[in-house]
Amino acid sequence: YIIGGDLFRISEFIIDNDELVFVNSTPFKYPPDYHLQSIFVDGDDRFGVFSKFESYFEPDNEYFLYRLDDNFQIVERLLEIPGNERPKYEFPEFTMYLENIFAKRSYWSFSKGWFYFIRSHQSNITAYNLQSGQLKHIDLELGKRENTDGELATFIKEEYGSLNHEVDKDQLDLAHSYFTGIANTV
């Protein structure tokens with residue numbers, strides 16, 4: 001299935017003898033402030049993730065999971081998914097908020113009757129059972145996420161292949177300050 005957002009169509013293909021074969025194209029229409037992000041098809045069940053976009057002048061955004069019918073039209077709202085922080089841009093005449101395509105995003109997936117989503121700045125996955133409505137949280141237990149001196153030295157050697165000698169303390173200090181600077185800007 002391919003979402004043709006500009007054409008407001010969902011096209012279905014199958015693989016037959018190692019070739020991609022067109023099957024059908026279904027037009028869709030949703031409320032003007034909704035944008036179809038992803039669809040999931042499991043047998044006869046169809047689901048869609050939508051973003052709701054009010055305006056460039058409002059900071060809020062949100063996502064929704066809907067059950068869809070055979071023609072990919074909205075049947076039932078199943079779940080509200082938290083939105084992400086939208087970067088604020090201030091101008092003398094107005095303030096606007098744009099979609100954040102870097103750093104803070106939501107990602108979703110579907111598998112065996114469960115819908116999963118994760119926000120990139122959190123350390124847990126939310127799982128939603130599409131039949132029962134049960135929600136559960138899966139902690140990723142990321143633990144310590146800092147690079148050690150040995151890992152930084154290996155990185156420097158790999159990144160700058162011309163370094164055939166031992167990495168000295170000044171190079172490690174420089175690498176620490178460089179990565180700390182990057183971490184503070186992300």
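Preceding this paragraph is the structure being described.
On a predicted model such as this, the values are computed, not experimentally measured, just so you know. (Residues numbered from 1 in each chain as written. Predicted model: local features only at pLDDT ≥ 70, side-chain atom pairs only at ≥ 80, totals over all residues. Heavy atoms only, no water.)

Colleague: Now, about the nonpolar core: what can you tell me, with residues and values included?
Modeller: Formed by 14 residues in total, the largest nonpolar core has its most connected members in Leu65, Leu79, Phe115 and Leu130. Elements represented by at least two residues in this core include exactly strand S5 (45–53), strand S6 (61–68), strand S7 (74–81), strand S10 (106–111) and strand S11 (114–119). Among the elements that make up this core, the one with the highest residue count is S7 (3 residues). When residues no more than four places from it in sequence are discounted, the contact partners of Phe115 are Phe40, Val49, Leu65, Leu79, Ile81, Trp108, Ser109, Thr126, Ala127, Tyr128 and Leu130. (Core = buried A, V, L, I, M, F, W, Y, C linked by side-chain atoms within 4.5 Å. Buried < 20%, exposed > 50% of the residue type's maximum accessible area, 1.4 Å probe, protein only. Helix = DSSP H or I, 4+ residues; strand = E, 2+ residues; numbered from the N terminus. Contact = heavy atoms within 4.5 Å.)

Colleague: How would you explain the sheet that holds S10 if you had to name every residue and give the values?
Modeller: With antiparallel pairing, the 4 strands of this open sheet are ordered in space as S10-S11-S12-S13. The sheet is open, and its two borders are formed by S10 and strand S13 (135–139), each paired with just one other strand. Ignoring which end each strand starts from, the neighbouring axes of this sheet average 25 degrees apart. In terms of strand pairing, S11 meets strand S12 (residues 124–129) through 5 bridges, oriented antiparallel. Bridged to Tyr116 within S12 is Ala127. (Pairing = 2+ DSSP bridges. Axes fitted to C-alpha atoms, helices over the stretch in contact; angles between N-to-C directions.)

Colleague: Just give me the short version of the sheet that holds strand S4 (residues 34–42), but keep the residues and values in it.
Modeller: Pairing is antiparallel in the open sheet, where 4 strands are placed in the order S4-S5-S6-S7. Bordering the open sheet on either side are S4 and S7, each of which pairs with just one other strand. Taking each pair of neighbouring strands and ignoring which way they run, the sheet shows an average axis angle of 25 degrees. Pairing between S5 and S6: 8 bridges, direction antiparallel. By the bridge assignment, Phe47 is partnered in S6 with Arg67.

Colleague: Lay out the pattern of salt bridges with the relevant residues and their values.
Modeller: Tallying each qualifying case throughout the model produces 2 salt bridges. With a closest N to O distance of 4.0 Å, Arg46 and Asp70 form a salt bridge. With Arg46 in strand S5 and Asp70 in the loop between S6 and S7, this residue pair connects regions lying 24 residues apart in the sequence. Looking at Arg46, the relative accessible area reads 12%, which means it is buried. Look at Asp70 and you get exposed, because its relative accessible area is 54%. A salt bridge links Arg67 to Glu76; the nearest nitrogen and oxygen atoms lie 3.2 Å apart. (Salt bridge = Lys/Arg side-chain N within 4 Å of Asp/Glu carboxyl O.)

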